[in-house]
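Analysis of the macromolecular model
If you want the building blocks of each chain, they are given just below.
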Amino acid sequence: MNWRVASDGFTTDVIFPVGTHPEGEEEIILQPYFLSATHQYGFLVDFHFRLAKGVPFSRRVQQLSLSLDERFRRNLDYYADRLARIEEFISNRWVQLMPILLPGAQKPLVFSADLTPLSSQGLKPKCYIVGSGRNQREHPGQFTGVKEAGPWKPITKCPPLLFIFRQQDIESARRLARALRGREPGIPFVGFEKLFRVLLEVSANPVVVTDFSQAEMQRALSFAVGPDGPTHIPVLVMPKGEDAYVVHKAIFTHVGVPTQVCSTEVIADDYALQWSVANIALQIFCKAGGQPWKVKPTDEHSLIIGLSQSHKVVGDDHRVDKYFAFSILTDSSGLFQSINVVAEGSDKETYLEQMRANLQKMLEEKAAVFKKVVLHTSFRLRFEEMQVIQEVVSAAAAKSSGQCAFAVVKVNQRNRFFAVNRSVNSLVPYEGSYMRLGRREYLIWFEGIFRNNPNVKKVIPGPTHLSFLKVSEEALIGDEQILQDLVNLSGANWRGFNAKSAPVSVFFCHLVAERLHEFQQRNLPLPQLHDFKPWFL
């Protein structure tokens, strides 16, 4: 039986190939794990498709990864198919793996082939607040809520859109402009103006570029800014390509100009444009300073701080050339507050001391304003960084004497956990359900089926793993309140009306970290992080 071992320094995976294709290998992965809730040692078992080197991402790869079905449509049976791969491996291979004799042990270990059942609980469903003034109301849906009542924080004027495109893409640009106005035949969108209740102006003087090089982007930028700052929202129509996207984003955000991009491939595809145009309009509205909705919070006086890093790594040995950590602040209703640099530098010790000092200052300032401050950390943070965060939060909690409650939650969406809901045919867990793995360790589903409507309408991702690393007394801030805040924040993603349901405190950090990494690796200018408008959408 073929197998290999992989380790990242924290966890060890035993990997078994179970299917080979020109695009890569289907794998079953076993990861040793102690389930504290039941006091059992065992293995996490998961299915994974590993892309072969040099093979581009494609619909066939999505199909082999189970996100698309046999007809290349969204695989609504994702949970059932994933479980089938796991159970097939256990049925055929488990007897070959057992028993396991560890070095120095007198008796071999035998692990049950049965999957372990755990009880789950449910949190309150997300509720959106839309409309402004007397028209403000609660609504179960984002798009229908904004359509019926208008945005939560409207704008009186949207800066004119400045289209930037190559000469050969002029018809694509015109089609996108018509679609945004709700005037493109075959694209059923109400239009930017009706949806957000503000006039949409398109500049009559677009910028035609020869390509998307740095020089051409610098030239295009000059048409979007004036002496007092940005004058337009640039809308770039370009073919798909990571280099062009990253170059333009670095040039424009460096001077605080948020941009909107739509690929020529999406514009040419009726189906893709139909599903994308509302989200493009939403992102433009947010970049113009509007706030479409917020989520009904558990506590109005709470601050959520998302923390992540984007270090510049060089050489084959992945040596850190520059350390860089930042924070994204939202309140518990998901409203984006600001992005702040927490620490940066080329020396690790100086960087960590700067992180300690700036975090301490931030927490002291916020403790005077909020009753609860929760830090959400991503899997990107390293051990030394997490240690500094825990020490600073511990000191802040002691200093506040109960006036402000503090917590640190490590949010990890890249994990080997998988579970199914045996009470429904689709096996998909309910949205907002969670299960306890141990003391202050949980799995949670930010997306899932609804109890009053159990039909699966899209591919539902696996659970998110949570670890509560440092908290104030439970009387001041309980586990369920922290979990509910996380679920609420997963509904505050302004990247799209049906965008990925992940807490924006972590998801926005992930988006910013990816962009910063790309800018640094290409030696491109960095963005103005203090700019309020969410340029990273």
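1. Observations concerning the packing of helix α10 (residues 348–367) against helix α11 (residues 383–400)
At a minimum axis distance of 10 Å, the contact between α10 and α11 shows a crossing angle of 30°. The angle between α10 and α11 places the two elements in the roughly parallel class. Read as a crossing pair, α10 and α11 show a hand that is right-handed. Only E384, E385, V388, I389, E391, V392, V393, A396 and K399 of α11 make contact with α10, whose side of the interface consists of K348, Y351, L352, M355, R356, L359, Q360, L363 and E364. For the contact of α10 with α11, the residue count by class is 10 nonpolar, one polar and seven charged.

2. With respect to the state of the cysteines
Applying the stated criterion across every chain yields a total of zero disulfides. Here C127 is not disulfide-linked; the sulfur of C286 is the nearest cysteine sulfur, at 19 Å. Here C158 is not disulfide-linked; the sulfur of C286 is the nearest cysteine sulfur, at 11 Å.

3. With respect to the pattern of salt bridges
Counted under the stated rule, the structure contains 26 salt bridges. Taking the shortest distance from any N to any O, the salt bridge between E27 and R4 comes out at 3.0 Å. Placement of E27 in strand β3 (residues 24–35) and of R4 in strand β1 (residues 4–7) is noted, with a sequence separation of 23 residues between them. Under the relative-accessibility criterion, R4 is labelled partly exposed at 34%. D479 is the salt-bridge partner of R440, the closest N and O atoms lying 2.9 Å from each other. One end of the pair, R440, is in the loop between β21 (433–438) and β22 (441–444); the other, D479, is in helix α12 (residues 479–489), with 39 residues separating them in the sequence. Judged on exposure class, the residue R440 and its partner D479 are both buried. A single salt-bridge network, built from bridges that share partners, covers R4, E25, E27 and R50.

4. Section: the nonpolar core
L176 and F196 are the most contacted members of the largest nonpolar core, which has 82 residues in total. With sequence-adjacent residues up to four places away left out, L176 is seen in contact with F163, V235, V237, C262, I267, L273 and I280. If you look at the next biggest cluster of nonpolar residues, it comprises 34 residues, including I28, F47, F418 and I449.

5. Focus on the pairing of β21
Successive residues of a regular strand alternate their side chains across the two faces of the sheet. When you tally the buried positions in β21, you get five out of six residues, the bulk of the element. Strand direction decides the pairing type here: strand β5 (residues 121–122) and β21, joined by two bridges, are antiparallel. Bridge pairing links G122 to S433 in β21. Pairing of β21 with β22 involves four bridges; the strand directions are antiparallel. Considered in β22, the bridge of G438 is made with E441. Between β21 and β22, which pair antiparallel in sequence order, lie two residues; one of them, R440, sits at a positive phi of approximately 55°.

6. Considerations on the sheet that holds strand β7 (residues 137–139)
In space, the three strands of this open sheet follow the order β7-β6-β14, with antiparallel pairing throughout. With one partner strand each, in any of the chains shown, β7 and β14 (294–295) form the two edges of the open sheet. Most of the contacts of helix α3 (residues 142–149) go to β7, to which it runs at about 150°, and overall it touches β6 (128–130) and β7.

7. Here's the deal with the sheet that holds strand β8 (residues 161–166)
Ordered by their spatial adjacency, four strands build an open sheet running β9-β8-β12-β13, and the pairing between neighbours is parallel. The open sheet has two edge strands with one neighbour each: β9 (207–209) and β13 (260–263). Within the sheet, the average angular offset between the axes of one strand and its neighbour, ignoring direction, is 20°. Two elements, strand β12 (residues 233–238) and β13, share four bridges in a ladder whose sense is parallel. Bridged to M238 within β13 is S263.

8. Points about α3
Along α3, the residues that are buried comprise Q142, G145, V146 and A149. The buried residues of α3 occupy one face: seen down the axis, they fall within an arc of 95°. On its buried face, α3 sits against β6, β7 and α5 (192–196). Phi turns positive one or two residues past the end of α3, at G150, with a value near 90°.

9. Here's the deal with the environment of D331
The topology assignment puts D331 in strand β17 (residues 319–331). Residues D331 and V408, 77 residues apart in the sequence, show an inter-C-alpha distance of 15 Å. Beyond its immediate chain neighbours, meaning those up to four positions away, D331 contacts S302, I304, Q337 and L489. A distance of 2.6 Å separates the side chain of D331 from the side chain of S333, its partner in a polar contact. One polar contact links the side chain of D331 to the main-chain amide nitrogen of L335, over a distance of 3.2 Å.

Cut-offs used in this document
- Residues numbered from 1 in each chain as written.
- Predicted model: local features only at pLDDT ≥ 70, side-chain atom pairs only at ≥ 80, totals over all residues.
- Heavy atoms only, no water.
- Axes fitted to C-alpha atoms, helices over the stretch in contact; angles between N-to-C directions.
- Helix = DSSP H or I, 4+ residues; strand = E, 2+ residues; numbered from the N terminus.
- Parallel < 35°, antiparallel > 145°, perpendicular 65-115°, else oblique.
- Left-handed = near helix turned anticlockwise from the far one by under 90°.
- Contact = heavy atoms within 4.5 Å.
- Nonpolar A, V, L, I, M, F, W, Y, C, P; charged D, E, K, R; others polar.
- Disulfide = S-S within 2.5 Å.
- Salt bridge = Lys/Arg side-chain N within 4 Å of Asp/Glu carboxyl O.
- Buried < 20%, exposed > 50% of the residue type's maximum accessible area, 1.4 Å probe, protein only.
- Core = buried A, V, L, I, M, F, W, Y, C linked by side-chain atoms within 4.5 Å.
- Pairing = 2+ DSSP bridges.
- Arc of directions from axis to C-beta.
- Polar contact = N/O pair within 3.5 Å; in protein donor to acceptor, adjacent residues only side chain to side chain.

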